[in-house]
Amino acid sequence: MTLLKSWVESANTATTDFPLNNLPCGVFSLGDAPARCGVAIGDFILDVSALEEEGLLKLADQPLFDVPFWNELMEAGPGVWAEFRAQVTAMLTEGASKRWVVEDHLVPRANATLHLPFIVAEYTDFYAGRHHATNVGTMFRGAENALPPNWLHMPIGYNGRASSVVVSGTEVRRPWGQLKGPEFEAPIFAPSRRFDIELEIGAIVGQASTHGHPVTVAEADAMIFGYVLLNDWSARDIQAWEYQPLGPFQAKATATSLSPWIVMKAALEPFRTKTPPREVPQLPHLQEPGPLLYNVALEVGLTPEGGAETVISRTNYAEMYYSAAQQLAHHTTSGCAMNVGDLLGSGTISGPSKDSRGSLLELSWGGKEPFEIAGGIRSFIEDNDTLALRGAALGNGYRVGFGACVGKVIPALADPYARKN
């Protein structure tokens, strides 16, 4: 597919994340005004709440955009999702007859504050990138035991905290926790010394499943509304002490940052690609009916306070071993019901080379191999570092991007239990 031309000139450049091909879903506000639903187009946001209020956008008998989140559209189902894209595309296409009306509802993105675009019902994070799992397993168990016995048979995950999910731009405070390094005879309670990121993509469930009834991979794929960039902030020293035998808990509860725009699955259709060859055949409930991953180029930038950014990693979503549809289908095998607004983290997306590793844990090989950034070195995140995740699917003269997922790490509280009167 090639670039779709819009009368919004800034949407027709090869460098924008938001051409007419994309139309990602977000929530924005201007000044003290209430938050509203909008789609990004070039340098602007189209206020779809206003379009619906004025009758220019009609998708259902009841309003879908009278609330500052996209869950109502998700619940309306894939047919309405497609009709929404068709109507908005027609409004913004070069030569559109309603341009003079629609133009009044464009807002410069630079003037807007962006918010979480949906209500997060539940959050599950997976461990489904083979390069990451192999790297981490090699560090802790040796190369011969890098992957646990179950890893090639099913996507491993854990239930996280929906309350931890924040929008890009939210500062992340270094967490306190129990630490038990080899230098300590007993655990101590202290700020994390090995704070980290994980470069992930989040899938958003747009249709619920029925309790007690698993879904197929094909059904799961149809249930997914769209995708976001996801930063799974991770306190590695807290995790090392707590994770046996039940896995991550407080180490992953500090924050999970999302990019502010949901790229609808339809925008990514031209970029579908296959999962990698299987060493072990997948059981029937995980077998794929077709290509289920997407070719999305990803990178991570690290900027120290007052310094210049260094891109510390470049990789691709196509490196995943399990797709979001497989993860979602497997999630339902026990009869677990999935809800509209459920968020599934892909797991860390690392590639085969050192410069394509999606976490500082891997980039510094557990702190043993510090790496250079502009003006210094890093093993893990230092206070006032800003981490930025970026990603885009690259088409013929255009890109379908997510907008950056950014978070600055601020110092830990001096006394986490101090209370103001």
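Our structure is the block above this text.
Now for a look at the structure at hand. Please read all numbers here as calculations on a predicted model, not as lab measurements. Along each chain, residue indices are assigned from 1 in the same order as the chain's sequence is written. Local features in this predicted model are restricted to residues of pLDDT 70 or higher, and side-chain atom pairs are both shown and tallied only at a pLDDT of 80 or more, whereas totals for entire chains, interfaces and linings draw on every residue. Just so you know, side-chain values use all the structure's heavy atoms and leave hydrogens and water out.

It is worth spelling out the packing of aromatic side chains at this point. Each aromatic pair joins two rings of Phe, Tyr and Trp (for Trp, the six-membered one) with centres within 6.5 Å, and gets the label stacked for planes under 30 degrees apart, edge-to-face for over 60, and tilted for any other angle. In total, this model carries 14 aromatic pairs according to the counting rule given. Ring geometry for phenylalanine 65 versus tryptophan 70: centroids 5.0 Å apart, planes at 65 degrees, classification edge-to-face. Across the pair, tryptophan 70 and phenylalanine 65 agree in class, each one buried. With centroids separated by 5.7 Å and ring planes inclined at 45 degrees, the aromatic side chains of phenylalanine 65 and phenylalanine 84 adopt a geometry described as tilted. Here phenylalanine 84 lies in helix H3 (residues 78–92) and phenylalanine 65 lies in the loop between helix H1 (48–53) and helix H2 (71–76), a separation of 19 residues in the sequence. Each residue is assigned to one of three classes by its accessible area relative to the maximum for its type, calculated with a 1.4 Å probe on protein chains only: buried under 20%, partly exposed between the two thresholds, exposed over 50%. For phenylalanine 84, a relative accessible area of 1% puts it in the buried group. An aromatic cluster of at least three residues, connected via ring pairs, comprises Phe65, Trp70 and Phe84. Taking NZ or CZ as reference, arginine 278 lies 4.3 Å from the ring centre of tyrosine 321, over its face. Arginine 278 extends its terminal NZ or CZ atom over the ring of tyrosine 322, reaching a point 5.5 Å from the ring centre. The secondary structure listing takes helices from DSSP runs of H or I that are at least 4 residues long and strands from runs of E that are at least 2 residues long, numbered from the N terminus. Here, over-ring charges are defined by two tests on the NZ atom of lysine or the CZ atom of arginine: distance to the ring centre within 6 Å, and angle to the ring normal within 35 degrees.

A few words on the sheet that holds strand S2 (residues 36–41). The strand order S4-S3-S2-S1-S5 describes an open sheet built from five strands, whose pairing is antiparallel. Edge strands, defined here as strands with exactly one partner in the open sheet, are strand S4 (106–108) and strand S5 (113–115). If you compare each strand with its neighbour and ignore which way they point, the axes differ by 45 degrees on average. Contact criterion: two residues are considered in contact whenever any of their non-hydrogen atoms come within 4.5 Å of each other. Axis lines are fitted to C-alpha atoms, over the contacting stretch for helices. Their N-to-C directions set the angle, which ranges from 0 to 180 degrees. Against the sheet, H3 contacts strand S1 (25–29), S2 and strand S3 (44–47), and its axis sits at roughly 60 degrees relative to S2. Following DSSP output, two strands are said to pair if at least two bridges run between them.

Let us look at unusual backbone geometry. The omega angle of the peptide bond from glutamine 244 to proline 245 is 10 degrees, so this bond is cis rather than trans. You can see proline 245 is positioned in the loop between helix H7 (236–242) and strand S16 (256–258). In the Ramachandran plot, tryptophan 365 falls in the positive-phi region, its phi being about 50 degrees despite a non-glycine side chain. Relative to the helices and strands, tryptophan 365 is located in the loop between helix H10 (360–363) and strand S23 (371–373).

Okay, helix H5 (residues 130–141) next. Its twelve residues give H5 an end-to-end C-alpha distance of 15 Å, which sits within 8% of 16 Å, the value for a rise of 1.5 Å per residue. Of all the residues in H5, the buried ones are His132, Ala133, Asn135, Val136, Gly137 and Met139. Where H5 is buried, its residues contact H10. Looking one or two residues past H5, glycine 142 carries a phi angle of roughly 90 degrees, positive in sign. How far a helix is expected to stretch is found by multiplying one less than its residue total by 1.5 Å.

With that out of the way, let us pick up the state of the cysteines. Throughout, a disulfide means two cysteine sulfur atoms within 2.5 Å of one another. The final tally for this structure, using the stated rule, is zero disulfides. Free of any disulfide, cysteine 25 has its nearest neighbouring cysteine sulfur in cysteine 37, separated by 8.4 Å.

Before going further, it helps to spend a moment on the layout of surface pockets. By volume, the largest pocket amounts to about 1000 Å³. As defined here, a cavity is a set of points on a 1 Å grid over the protein atoms alone where a 1.4 Å probe fits but cannot get out. A pocket is an open set with protein on both sides within 12 Å along at least five of seven lines, and residues line them when an atom is within 4 Å of a point. Along the walls of the largest pocket sit 37 residues, with Val136, Phe140, Gln239, Ala240 and Tyr243 positioned nearest its centre. Put simply, the parts of the chain that give the lining of the largest pocket at least two residues each are strand S6 (123–126), H5, strand S7 (157–159) and H7. Throughout this entry, Asp, Glu, Lys and Arg are counted as charged residues, while Ala, Val, Leu, Ile, Met, Phe, Trp, Tyr, Cys and Pro are counted as nonpolar. The remaining residues, Gly among them, count as polar. A per-class count over the lining of the largest pocket returns 17 nonpolar, ten polar and ten charged. Grid points are joined across faces, edges and corners, and a volume is the space filled by probe spheres set on the points. Estimates place the volume of the second largest pocket at around 190 Å³. The wall of the second largest pocket is formed by Pro175, Trp176, Gly177, Gln178, Ile238, Trp241, Glu242, Gln250, Ala253 and Thr254. Residue assignment for the lining of the second largest pocket shows that the elements contributing at least two residues are strand S10 (176–179) and H7.

Its 15 residues place the ends of H3 21 Å apart at the C-alpha level, agreeing with the 21 Å of an ideal helix rising 1.5 Å per residue. Listed as buried for H3 are Val80, Trp81, Phe84, Arg85, Gln87, Val88, Met91 and Leu92. Take H3 and look down its axis: the buried residues cluster within an arc of 165 degrees, on one side only. The directions from the helix axis to the C-beta atoms form the arc being described.

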